[in-house]
Amino acid sequence: MSDAVCVSSPGSAAPAATATARHSALVRVTHWITTLCFFALLVTGFEIVISHPRFYWGETGNVLTPPLFKLPIPSSRSLVPTGYGYVMPDQNGWSRYLHFQAAWVVVLTGLLYVVSSFFTGHLRKNLLPHKADLSWRVFSKAVANQLRFAPPSAAGAWSYNLLQRLAYLFVIFVLFPLVIWTGLAMSPAFVSAVPATVNLLGGQQSARTLHFFVSLALLLFVLVHVVMVFLAGFRSRMRAMITGRAGEHMEHT
Amino acid sequence: MRESSSRDLSRRKLITTGLAAAAGAAGLGVAARMAQKYGLVPPDHGGIYGLGETLTYASQRLLTTHSLAREFSRSQISKPPLANEMPPLNDEFKRLQAGGFADWRLSVNGMVARPASFSLDQVKSYPSRSQITMLQCEEGWSYIAEWIGVPLAHVLDVVGVLPQARYVVYFSIDPGWWESIDMADALHPQTFLAYGMNGGELPVGNGGPLRLRLPRQLGYKSVKFITHMTVADSLKGFGKGLGSASPEAGYAWYAGI
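Below, the discussion takes up the overall build of chain A. Looking only at helices and strands, chain A features nine helices and two strands. The linear arrangement of helices and strands in chain A, starting from the amino end, is α-α-β-β-α-α-α-α-α-α-α. Taking the contacts inside chain A whose residues are at least 6 apart along the sequence as the reference set, 65% of them involve residues at least 24 apart. Here chain A has roughly 13400 Å² of accessible surface; of this, 73% comes from carbon and sulfur atoms.

Written out as structure tokens, the structure reads:
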């Protein structure tokens with residue numbers, strides 16, 4: 001209502017006709033399903049890891065073999081020597097059930113998002129960088145602006161900037177495929193059908209170690225993403241992703 | 001005119017949406033019926049994690065029916081093979097162990113033509129096979145060993161499995177540990193009744209004298225100290241009907257992940 005007026009202010013990158021549609025319903029729904037699944041995968045992944053907080057490289061690894069590194073945390077199983085005199089509560093059962101269920105939901109949701117973004121133009125319009133921005137000069141300027149925490153431009157409410165686009169593309173087309181690949185490479189049944197999944201990674205324990213690091217990269221992305229939402233204006237950005245509407249002026253300006 | 005066409009449009013939209021929804025619901029119903037018929041629904045499909053479990057089991061069953069677990073070279077065998085902790089073995093086991101397992105029996109009954117009870121020597125008299133495969137624990141650790149034994153398919157052939165058989169349920173001498181697998185896994189050439197490891201006897205710490213080896217699933221399906229098997233057409237009558245002890249303890253029945 002009063003937002004609609006604000007939205008059509010000059011300088012806004014979006015035409016007035018689309019003033020109430022910042023994010024399509026599909027983008028919003030897939031965004032929040034992914035958020036929910038990521039949280040479930042993160043918590044359950046941590047629960048699974050603490051039953052053996054040691055990492056190896058190659059095909060095999062166990063308490064009799066030297067680890068690549070250990071997490072300095074107590075374990076939930078007594079088999080693992082961690083230097084702590086106690087074991088954590090074992091939560092592996094439901095954690096594994098939920099981990100794989102959330103993985104299915106996020107993979108199917110991700111597929112829907114990626115496939116539809118090719119057809120709706122979401123990929124071309126919102127994610128791929130503008131041709132004019134594909135230069136080192138523009139990129140370094142964007143990085144410099146970001147490092148100075150320069151306030152987002154008015155257009156920022158309507159469109160992703162260069163660094164956002166690159167970050168989102170990296171998450172969607174590099175980190176997500178990698179986390180799925182390294183996850184599947186740990187499945188003895190799946191790799192029996194497609195052995196290259198694990199052989200290309202250098203072994204099952206290598207896949208587990210890589211899965212851990214890719215998950216950390218995704219966690220880092222989520223943390224930065226949330227910080228950026230706060231810096232850009234928590235209420236307006238949340239409203240855009242929940243209701244699809246944008247348009248309130250930057251709260252902090 | 002205009003009004004009527006817009007009314008037509010909304011009616012058409014309503015009908016299309018309704019038809020699409022009905023088709024979707026019917027499709028799901030048919031999919032569920034087909035999945036049940038072709039054995040693509042795991043016994044622990046009830047509850048909030050049923051969706052993920054069913055998708056995993058169904059897709060892997062379709063993808064991996066005939067695929068072989070990776071086998072490794074002799075140089076990749078873990079030295080020493082980890083014998084993970086186990087609960088203190090019961091008096092019955094200790095008695096048999098004191099006798100050098102000479103009295104160890106494996107009984108097989110259920111939907112078979114010739115129920116039987118085998119001694120270890122009888123099991124070892126069948127053509128032996130070996131595989132160098134990885135044992136992967138759900139905790140995250142793993143080791144590679146050479147497993148020597150008789151393919152379960154051979155023993156099932158000896159007792160004569162009836163055509164309506166769908167599962168093999170197998171029991172450890174440890175009363176809390178029993179599992180089951182479908183016929184695709186039971187008849188798979190790498191599913192062994194293993195009695196040897198790395199050229200010698202199968203150590204007690206690794207499940208000796210007799211262990212089921214199932215290299216395409218996680219270690220907890222490879223039950224140690226096997227004494228009994230039942231061939232069945234349904235898992236409803238076993239325990240709580242969830243397929244094995246694992247789901248009763250909160251772990252997935254199908255562990256091919």
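In this section: the pattern of salt bridges. Counted according to the given criterion, the structure contains eleven salt bridges over all chains. Here Glu138 of chain B ties to Arg77 of chain A by a salt bridge, and the two come within 3.0 Å at their closest N and O atoms. Note that Glu138 of chain B is positioned in the loop between β3 (129–136) and β4 (142–151) and Arg77 of chain A in the loop between β2 (69–70) and α3 (92–120), a pairing that runs across two chains. Arg77 of chain A shares its class with Glu138 of chain B; the two are buried. Across the salt bridge formed by Glu92 of chain B and Arg95 of chain B, the nearest N and O atoms sit 3.5 Å from each other.

So, on to the interface of chain B and chain A. Opposite the 46 residues of chain B that make contact, chain A presents 38 residues. Seen at the junction of chain B and chain A, the total is three salt bridges. For Glu59 of chain A, the salt bridge goes to Arg70 of chain B, with nearest N and O atoms at 2.8 Å. Our count for the contact surface shared by chain B and chain A stands at 24 residue pairs in polar contact (both at pLDDT 80 or more). Broken down by element, the side of chain B that touches chain A gets its largest block of residues, ten residues, from helix α2 (residues 50–64) of chain B. Considered class by class, the residues forming the side of chain B that touches chain A number 23 nonpolar, 16 polar and seven charged.

Residue and element names in this part refer to chain A. Looking at chain A, the pLDDT average stands at 88 and 89% of residues meet or exceed 70. Element-level mean pLDDT values for chain A span from 37 in helix α1 (residues 2–7) up to 98 in strand β1 (residues 54–55). Scored below 50 in pLDDT, residues 1–19 makes 18 contacts in the model with residues more than four places away or belonging to other chains.

Residues and elements named next belong to chain B. With mixed pairing, five strands are arranged side by side in an open sheet as β2-β1-β10-β5-β6. Where the open sheet ends on each side, the last strands, each with one partner, are β2 (116–119) and β6 (178–182). Neighbour-to-neighbour, the strand axes of this sheet turn through a mean angle of 20°, independent of strand direction. Where strand β5 (residues 167–172) lies against β6, five bridges are found, and the strand directions are antiparallel. By the bridge assignment, Val169 is partnered in β6 with Ser180.

Procedures and definitions
Residues numbered from 1 in each chain as written. Chains lettered and ligands numbered in written order. Predicted model: local features only at pLDDT ≥ 70, side-chain atom pairs only at ≥ 80, totals over all residues. Heavy atoms only, no water. Helix = DSSP H or I, 4+ residues; strand = E, 2+ residues; numbered from the N terminus. Contact = heavy atoms within 4.5 Å. Areas by Shrake-Rupley, 256 points an atom, 1.4 Å probe, with all protein chains shown as cover. Salt bridge = Lys/Arg side-chain N within 4 Å of Asp/Glu carboxyl O. Buried < 20%, exposed > 50% of the residue type's maximum accessible area, 1.4 Å probe, protein only. Polar contact = N/O pair within 3.5 Å; in protein donor to acceptor, adjacent residues only side chain to side chain. Nonpolar A, V, L, I, M, F, W, Y, C, P; charged D, E, K, R; others polar. pLDDT = per-residue confidence, 0-100. Pairing = 2+ DSSP bridges. Axes fitted to C-alpha atoms, helices over the stretch in contact; angles between N-to-C directions.

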